[in-house]
Amino acid sequence: MNQPIAETLSFFQAWLRSPRRVAAIAPSGRALASLITREISRDTGPVIELGPGTGAFTRALLARGIRQEDLALIEAGSEFAVVLQARYPGARTLWMDAARLRTVELFEGRPAGAVVSGLPLLSIAPRKVMAILIGAFDKMRPDGAFYQFTYGPRCPVPSRVLDHLGLTAEYMGGTLANLPPAAVYRLRKTAGPRS
Ligand SMILES: C[S@@+](CC[C@H](N)C(=O)[O-])C[C@H]1O[C@@H](n2cnc3c(N)ncnc32)[C@H](O)[C@@H]1O
């Protein structure tokens, strides 16, 4: 079977089994993958991807020059993790809940330059979202950015969570060429007061 069709089908089957975890009936399209990875290049250094699914954003990251060795793929679905591991043997694929990110060591302790998240944050409890963000920023350089997409009309991280963690969210853009249409936000550590 043609690869994109096979991927779409396996994604849909995963959604039928775990609609809340997968939270979309089809993988993200190229326009969204290009938007969410737009600011990332080989100079970014190691990148952590959360919820890669069938690898729509992974492919875009590799096309942007990120080496497999500089990629950590954190996926809670065993059906996806097994395929990612086989397809990207140089990357570190971890079958685990992204909320446990803080407990694992990645890239021999080198901090990541970016986190790209395909997680369905709107279906995840705020306490867990908080744990995911704490783990992600713990693994990044101070200037690192967390890229998150959403199908919703605003940033999927509630402002009280952003404030509590000292984060700022900026809208990067949206695309109608996705099913459903989606937008991307960039989260960073809020700059401290100038001395
Ligand atoms: C909306 S799909 C996005 C998949 C892919 N990034 C894309 O854009 O096509 C959500 C993905 O996040 C994974 N996921 C959901 N909750 C997770 C969690 N707590 N930890 C890690 N992965 C999770 C799902 O298994 C699925 O692969």
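All of these numbers come straight from a predicted model, not from anything done at the bench.

**As for the pattern of salt bridges**
Going through the model one piece at a time under the given rule, you end up with 12 salt bridges. Between R186 and E39 there is a salt bridge, and its shortest N-O distance comes to 2.6 Å. Of this pair, R186 sits in strand β7 (residues 182–189) while E39 sits in the loop between α3 (30–36) and β1 (47–50); the two residues are 147 residues apart in sequence, bridging distant segments of the chain. The exposure class of R186 is buried, given its relative accessible area of 12%. The shortest N-O distance in the salt bridge between R67 and D70 comes to 3.4 Å. Overall, R67 belongs to the partly exposed group, its relative accessible area being 36%.

**Observations concerning the pairing of strand β3 (residues 92–95)**
Both strand β2 (residues 71–75) and β3 contribute to a ladder of 4 bridges, which runs parallel. Its bridge partner being in β3, L73 is matched across the sheet by T93. Following the chain from β2 across helix α5 (residues 78–87) to the adjacent parallel β3, one finds a crossover that is right-handed.

**Focus on helix α6 (residues 126–138)**
The terminal C-alpha atoms of α6 lie 18 Å apart, and with 13 residues this matches the ideal 18 Å at 1.5 Å per residue to within 8%. Of all the residues in α6, the buried ones are V129, I132, L133, G135, A136 and F137. Buried positions along α6 lie against β1, β4 (112–117), β5 (140–150), α7 (159–165), β6 (167–175) and β7.

**Some points on the site of the ligand**
Neighbouring the ligand are 21 residues; R21, S28, G51, E75 and A98 lie closest to it. Residue D97 places a side-chain N or O atom 3.0 Å away from a nitrogen atom belonging to the ligand. A98 places a polar main-chain atom, nitrogen or oxygen, 2.8 Å from a nitrogen atom of the ligand. Contact with the protein chains removes 97% of the 590 Å² of surface that the ligand exposes when unbound. Those elements that provide at least two residues to the shell around the ligand are α2 (19–22), α4 (56–63) and β2. Its residues assigned to classes, the shell around the ligand shows 14 nonpolar, 4 polar and 3 charged.

**Considerations on the pairing of β4**
Where burial is concerned, most of β4 is hidden: 6 out of the 6 residues are buried. Of the pairings in the sheet, the one linking β1 to β4 comprises 4 bridges and is parallel in character. Each residue of the ladder has a partner; that of E49, found in β4, is V116. In the sheet, β4 pairs with β5 via 5 bridges, with the strands oriented parallel. Bridge pairing in β5 links V116 to Y147. On the question of chirality, the crossover connecting β4 to the parallel β5 by way of α6 is right-handed.

**Examining the packing of aromatic side chains**
Tallied over the full model, the rule gives 6 aromatic pairs. Ring centres of F57 and F149 lie 5.8 Å apart, and the angle between their planes is 85°; this geometry places the pair in the edge-to-face category. Taken together, the positions of F57 in helix α4 and F149 in strand β5 put the pair 92 residues apart, joining distant regions of the chain. We note that F57, like F149, is buried. Here F137 and F146 contribute two aromatic rings whose centre-to-centre distance is 6.2 Å and whose plane-to-plane angle is 20°, an arrangement assigned as stacked. The pair F137 / F146 is uniform in exposure class, with both members buried. Ring pairs connect the aromatic residues F57, F149 and Y151, which therefore count as one cluster.

What counts, and at which threshold
Residues numbered from 1 in each chain as written. Predicted model: local features only at pLDDT ≥ 70, side-chain atom pairs only at ≥ 80, totals over all residues. Heavy atoms only, no water. Salt bridge = Lys/Arg side-chain N within 4 Å of Asp/Glu carboxyl O. Helix = DSSP H or I, 4+ residues; strand = E, 2+ residues; numbered from the N terminus. Buried < 20%, exposed > 50% of the residue type's maximum accessible area, 1.4 Å probe, protein only. Pairing = 2+ DSSP bridges. Right-handed = clockwise from strand over helix to strand, strands pointing away. Expected span 1.5 Å × (residues − 1). Contact = heavy atoms within 4.5 Å. Near = heavy atom within 4 Å. Polar contact = N/O pair within 3.5 Å; in protein donor to acceptor, adjacent residues only side chain to side chain. Areas by Shrake-Rupley, 256 points an atom, 1.4 Å probe, with all protein chains shown as cover. Nonpolar A, V, L, I, M, F, W, Y, C, P; charged D, E, K, R; others polar. Phe/Tyr/Trp six-rings, centres within 6.5 Å; stacked < 30°, edge-to-face > 60°.

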